[in-house]
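Commentary on secondary and tertiary structure
Residues per chain, in single letters:
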Amino acid sequence: MRSLEDWELIALAKQGNIEAYDILVQRYKDKLLTYCYYLVKDITTAEDVVQDTFIRVYRSLQTLKPSAQFKTLLFGIARNLALNHIRNENRRKLFLTRWLEYFSNNKVHDHANTTSEKAIQKEIADVVETTILELPSQYREILILRENLGLDYEQISEVLSCNLGTVKSRLARARELLRNKLVDKGVIEK
Amino acid sequence: MKDRHLPDEKISAFIDGEILPNSDRKHLEVCPLCSKKLESYKLISSTLSNLKPISSKLALTEKIKLAISKESTHTTSLSWTPNSSFLTYALFTTLAILLIISSLYIFILHQQNSIEKEGFLNLTNVSENKPFSNYESISNLSDVLYTDYPEDTVALLIALAYENELDYKKELLNLEGITNVALSDVVLSLGDEIGLLEEY
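Cut-offs applied
Residues numbered from 1 in each chain as written. Chains lettered and ligands numbered in written order. Predicted model: local features only at pLDDT ≥ 70, side-chain atom pairs only at ≥ 80, totals over all residues. Heavy atoms only, no water. Helix = DSSP H or I, 4+ residues; strand = E, 2+ residues; numbered from the N terminus. Buried < 20%, exposed > 50% of the residue type's maximum accessible area, 1.4 Å probe, protein only. Contact = heavy atoms within 4.5 Å. Areas by Shrake-Rupley, 256 points an atom, 1.4 Å probe, with all protein chains shown as cover. Patch = residues over 30% accessible without salt bridge, like charges linked within 9 Å, V, L, I, M, F, W, Y side chains within 5 Å. Salt bridge = Lys/Arg side-chain N within 4 Å of Asp/Glu carboxyl O. Arc of directions from axis to C-beta. Core = buried A, V, L, I, M, F, W, Y, C linked by side-chain atoms within 4.5 Å. pLDDT = per-residue confidence, 0-100.

**Focus on the overall build of chain B**
Helix and strand counts for chain B stand at 10 helices and zero strands. A buried classification covers 30% of the 200 residues belonging to chain B. Look at the contacts in chain B between residues 6 or more apart in sequence, and 50% of them connect residues 24 or more apart. In the structure as shown, chain B presents an accessible area of about 13,300 Å², 58% of it carried by carbon and sulfur atoms.

Written out as structure tokens, the structure reads:
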């Protein structure tokens, strides 16, 4: 059964075959977790979003039609859930910041970046990993979708619900922003 | 040719396999700035493709399986079809519940009218009705809030805090405890309820 295509597994799951759905979970959970982590920047929340995504898809199994790629559908749902979380989190932070301004002089300090003395490649990887989290979410997610999860322009446009031109320009902007940050940190030459 | 550098979008697309015209490719070979940019994009690309995988803290698969199995149980129970005697019983029960709810609603409306007449939401009245051990703190808190928000908004916020039976009450008065996540949820919901967040 593991060799079946996504939509074939969905067809089986529609008939009540939970094992078929489990295979889909196994197939995509890690990729979704990576994507969600770089969106929400918190592993526990990312796990919740992944779980919620699979539950939502399961609930709407009967209405699913193989019109799009299942993978992009899955990423699209996860994205909406993650963005909802970010919106709520931003509102919470904004509100609490106002409260904290009244009640305390404590400021939130950014984590200091630590440089390791390990191999240069590892060092670069570490810096890139932390630096990508500093990018605005729309640039973080497109870099992860393209570079780490290997989605092509068309698949990305489906997940993000935007046209190919936007994908192309946003990706270029994301790469340039990340490059500039890495230049500032002295990881790569200007 | 060297003066007119390639746009970032072209170099970025080239990384992704787009074919560039010969003139652009030649430019990439001779222009130090554009070739350096190309190299750094390649470095970013290879580094990101080899990021260490994000591992879940808990057994994510098990959590998902459990949730899905609950869903499937729920779905099964929904497929049950009631018989006609049950439907009659359910109809009468629903009508009875509706009757009770509407009576309660009328009663609450009546009570609210009385409260408005007596100025219940005045902060002093609230505190007198429900004495609180840390009244001084809440008084200070309200003083600070009054400088930025309308009086009735603050009064309602404090009143809601008093009225609610959740454990966060004491924490609300403990100003350092405001960063507590559970508390922040409650404060946020209180703020939502009174429209405080609309200001943002």
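**With respect to the side chain of B:Thr61**
Assignment of secondary structure puts B:Thr61 in helix H4 (residues 60-78). Here B:Thr61 falls in the buried class, since its relative accessible area comes to 14%. With sequence-adjacent residues up to four places away left out, B:Thr61 is seen in contact with A:Gln26 and A:Lys29.

**What to know about a nonpolar patch on the surface**
On the surface, a nonpolar cluster with roughly 450 Å² of combined accessible area is contributed by B:Leu91, B:Phe92, B:Leu95 and B:Leu98. Inspection of the secondary structure assignment puts B:Leu95 in helix H5 (residues 84-118).

**A word on the environment of A:Leu12**
In this fold, A:Leu12 is placed in helix H1 (residues 6-14). Contact partners of A:Leu12, with chain neighbours within four places excluded, come to A:Met1, A:Leu4, A:Asn17 and A:Ala20.

**Some words on helix H2 (residues 22-30) of chain B**
All names here are of chain B. Among the residues of H2, those classed as buried are Asp 24, His 27 and Leu 28. Viewed along the axis of H2, the buried residues span an arc of 100°, placing them on a single side of the element. Along H2, exposed side chains directed more than 90 degrees from the buried face belong to Asn 22, Lys 26 and Glu 29. Where H2 is buried, its residues touch helix H1 (8-15) and helix H3 (32-49).

**Brief notes about the nonpolar core**
A:Tyr21, A:Phe54 and A:Leu145 are the most contacted members of the largest nonpolar core, which has 70 residues in total. Ranked by the residues each element gives to this core, the list is headed by helix H2 (residues 18-40) of chain A, at 14 residues. If we skip the residues at most four places from it in the chain, A:Tyr21 touches A:Ala13, A:Phe54, A:Val57, A:Tyr58, A:Leu61 and B:Ile68. Grouped together as the second largest cluster of nonpolar side chains are eight residues, B:Leu6, B:Leu20, B:Cys34 and B:Leu38 included.

**With respect to the environment of A:Tyr153**
Checked against the element boundaries, A:Tyr153 lands in helix H7 (residues 153-160). Accessibility expressed as a relative area gives 16% for A:Tyr153, which makes it buried. For the pair A:Tyr153 and A:Thr166, spaced 13 residues apart in sequence, the C-alpha to C-alpha distance is 9.7 Å. With near-sequence residues (within four places) excluded, A:Tyr153 lies in contact with A:Arg146, A:Leu164, A:Val167, A:Lys168, A:Leu171, B:Ser12, B:Ala13 and B:Asp16.

**Quick word on the confidence of the model for chain B**
Atom-level detail of predicted coordinates should not be read off regions where pLDDT is low. Residues and elements named next belong to chain B. This prediction gives chain B a mean pLDDT of 64; 44% of its residues lie at or above 70. Element-level pLDDT for chain B is lowest in helix H6 (residues 123-129), with a mean of 36, against a maximum mean of 94 in H1. The low-confidence segment residues 115-139 (pLDDT under 50) makes 31 contacts with residues lying over four places distant or belonging to another chain. The low-confidence segment residues 193-200 (pLDDT under 50) makes 19 contacts with residues lying over four places distant or belonging to another chain. As scored by the predictor, the complex reaches a pTM of 0.56 and an ipTM of 0.72.

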